[in-house]
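# Observations on the model geometry
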Amino acid sequence: MIAQLWRIARKDLHSELRTKEALNAALSLTVVLLLLFSFAFDPVADEGKQWSGGLLWLVYSFAGALIVNRGFARELTNDCLEALRASPVSASALFMGKTLAAFLILLGVELIALIPFSVFYDAGFGGHWATLAAVLALTTWGVTVVGTMFSALTVNLHLRELMLPVLVYPMLIPALVAAIEITRGLISGTAFDPVWFRLLISFDIIFTALALMLAEVVLVE
Amino acid sequence: MREKLIYALGIVAALYLVRNLYVMLLQLPDELAQGPIYRIFYFHLPGYFTGATCFFLGGVFSILYLVTRKWKWDSLAVSVTEVGLPFAAMNLITGMIWGRIIWGIWWTWDPRLTAALISALIYAGYLMLRKAIPDPTERAKNSAVMAIFAFTSVIFTYKSNEWFRTQHPAPVLSLRTGGGTIEPAMEWMLFHNWMALLMLAALFIAIRWNQEERRREIESLRREALAY
């Protein structure tokens, strides 16, 4: 299972790094959005520290929808999805492999986007890099696991690119709220409630378990 | 037979609703602090309960579909969700009208209001997903999976919202508070109206279910005709 999972993830990472389809699009999207938001709010005002964390997660979730959307759409050409289904890889390994690949790509985009974000919005995170890494990893996992599931559900739709965000964002709200609250605490230098981390962890556990349970149903039949 | 049952259910539900309206508008007194507007609560809470019952059943029917793969469960799942959504909307809209009078604002970003709005959006998404998938087997399967995710997410959103402070009035039912916070006659009225709304929902679900089964029949006939 682990070997199969890793093979699928590596395959996805390879094809993404070669074509850079989602990667380039997601990176340019984050920069454009960071630029646009700077007109909607005053980024250097003092209260900017209160909402820039929320803005960062909006940008990340837009990039996330773009990346998870590619997860299964990539397999549509030449009926690769059928080939994957026919291969001896188990559905849960296939699903988790795709999630892992999307997770690593999104995490990479997020880390790169942190640089323009800290420059444009004067955000220092108070040197709490470990906390920042934890909230990035936990939230990104939640976003990609739910996102990849919905990417599988919507892969055959005409309006796929539009349907996926509409369906997936409302589901992600608990995780995004927790991430926003923690990031806001880090940027503005105020304490945040540790309950948000518990919320994030339970979100990840519940939806990973659910996705594993349902992967067979969605992918095999 | 089925048609007659539906008619009978419709008549009973209508009579029950009229009886409830008579009691709540003409017999029960105004509430001490809020005045007459409190009566909207007789639709606000039962509407929520009815919507939640429908969404819960939608989750159950979806699981049953995935287990048995019988079309009937898929038809039932879409029927209950479609009927549940207007009741959820009834809950939101009556709440907004009440809020305008008591709080002075239509909407506040209170966690309970937000959570109710989120679940309405999620179930609207479910219905959109159904409309977007042309193949009936894939539609049934994918929307069943979505319904399970949706229900989990709705519970999770509500639970996570309990950690926020809330502006929404605290629970009043004696089931939750142990009694003493609500006049028994008023509480009875709530349950009566919940029953009436549930009957109404059952009526709509039965009609919608019939429709869905027929639509499926037409769809399969059309497929057969096209196959030749």
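Predicted model, so just to flag it, every value in this text is computed and none were measured.

Basis of the calculations
Residues numbered from 1 in each chain as written. Chains lettered and ligands numbered in written order. Predicted model: local features only at pLDDT ≥ 70, side-chain atom pairs only at ≥ 80, totals over all residues. Heavy atoms only, no water. Salt bridge = Lys/Arg side-chain N within 4 Å of Asp/Glu carboxyl O. Helix = DSSP H or I, 4+ residues; strand = E, 2+ residues; numbered from the N terminus. Buried < 20%, exposed > 50% of the residue type's maximum accessible area, 1.4 Å probe, protein only. Core = buried A, V, L, I, M, F, W, Y, C linked by side-chain atoms within 4.5 Å. Contact = heavy atoms within 4.5 Å. Buried area = accessible area lost by both parts, 1.4 Å probe. Polar contact = N/O pair within 3.5 Å; in protein donor to acceptor, adjacent residues only side chain to side chain. Nonpolar A, V, L, I, M, F, W, Y, C, P; charged D, E, K, R; others polar. Patch = residues over 30% accessible without salt bridge, like charges linked within 9 Å, V, L, I, M, F, W, Y side chains within 5 Å. Areas by Shrake-Rupley, 256 points an atom, 1.4 Å probe, with all protein chains shown as cover. Phe/Tyr/Trp six-rings, centres within 6.5 Å; stacked < 30°, edge-to-face > 60°. Lys NZ or Arg CZ within 6 Å of the ring centre and 35° of its normal.

## Notes on the pattern of salt bridges
Residues and elements named next belong to chain B. A complete count under the given rule lists 18 salt bridges over all chains for this structure. In this structure, Arg130 and Asp74 form a salt bridge, with 3.1 Å as the shortest nitrogen-oxygen distance. Residue Arg130 is located in helix 4 (residues 111-132), and its partner Asp74 is located in helix 3 (residues 71-102); the two are separated by 56 residues in the primary sequence. The exposure class assigned to Asp74 is buried, which follows from its relative accessible area of 2%.

## Focus: the nonpolar core
Judged by nonpolar contacts, the single largest core of 126 residues is most densely connected at Phe117(A), Val146(A), Met149(A), Phe150(A), Val145(B), Met146(B) and Phe149(B). It is helix 5 (residues 91-121) of chain A that contributes the most residues to this core, 17 residues altogether. Excluding its chain neighbours within four sequence positions, the residues that come into contact with Phe149(B) are Met149(A), Phe150(A), Met171(A), Phe207(A), Leu210(A), Ala211(A) and Leu214(A).

## Looking at unusual backbone geometry
Residue and element names in this part refer to chain A. In this structure, Asn78 takes a positive phi of about 60 degrees despite not being glycine. A residue is classified by how much of its surface remains accessible, and Asn78, at 73% relative accessible area, is exposed. The backbone of Asp79 sits at a positive phi, close to 55 degrees, despite the residue not being glycine. One can find Asp79 in the loop between helix 3 (48-73) and helix 4 (80-86). On the accessibility criterion, Asp79 (52% relative accessible area) is exposed.

## Considering the interface of chain B and chain A
Each partner contributes to the interface: chain B provides 26 residues, whereas chain A provides 28 residues. Summing the contributions of chain B and of chain A, the shared interface buries around 2,500 Å²; its carbon and sulfur component is 83%. Across the contact surface, chain B and chain A share zero salt bridges. Joining chain B to chain A, the criterion identifies three residue pairs in polar contact (both at pLDDT 80 or more). For the side of chain B that touches chain A, the element with the most residues is helix 5 (residues 136-161) of chain B, which contributes 13 residues. A class-by-class count of the residues in the side of chain B that touches chain A yields 17 nonpolar, six polar and three charged.

## Points about a nonpolar patch on the surface
Residues and elements named next belong to chain B. A contiguous nonpolar surface patch, about 480 Å² in accessible area, is contributed by Ile93, Ile97, Ile101, Ile102 and Trp106. Along the polypeptide, Ile97 turns up in helix 3. Owing to a relative accessible area of 34%, Ile97 belongs among the partly exposed residues under this scheme.

## Quick word on the packing of aromatic side chains
According to the stated counting rule, one finds 22 aromatic pairs over all chains in the structure shown. Ring centres of Phe103(A) and Trp141(A) lie 5.5 Å apart, and the angle between their planes is 70 degrees; on these two criteria the pair is classed as edge-to-face. Taken together, the positions of Phe103(A) in helix 5 and Trp141(A) in helix 6 (residues 129-154) put the pair 38 residues apart, joining distant regions of the chain. Judged by its relative accessible area of 13%, Phe103(A) falls in the buried class. Overall, the relative accessible area of 19% leaves Trp141(A) in the buried class. On the basis of an interplanar angle of 85 degrees and a centroid distance of 5.7 Å, the ring pair of Phe150(A) and Phe149(B) is categorised as edge-to-face. With Phe150(A) in helix 6 and Phe149(B) in helix 5, the pair connects residues from two separate chains. Each member of the pair, Phe150(A) together with Phe149(B), is buried. Among the aromatic residues, those joined into a cluster by ring pairs are Phe150(A), Phe203(A), Phe207(A), Phe149(B) and Phe156(B). In this structure, Lys98(A) packs its charged tip against the face of Phe72(A), placed 5.5 Å from the ring centre. When the ring centre of Trp73(B) is taken as origin, the NZ or CZ atom of Lys72(B), which lies over that ring, is 4.8 Å away.

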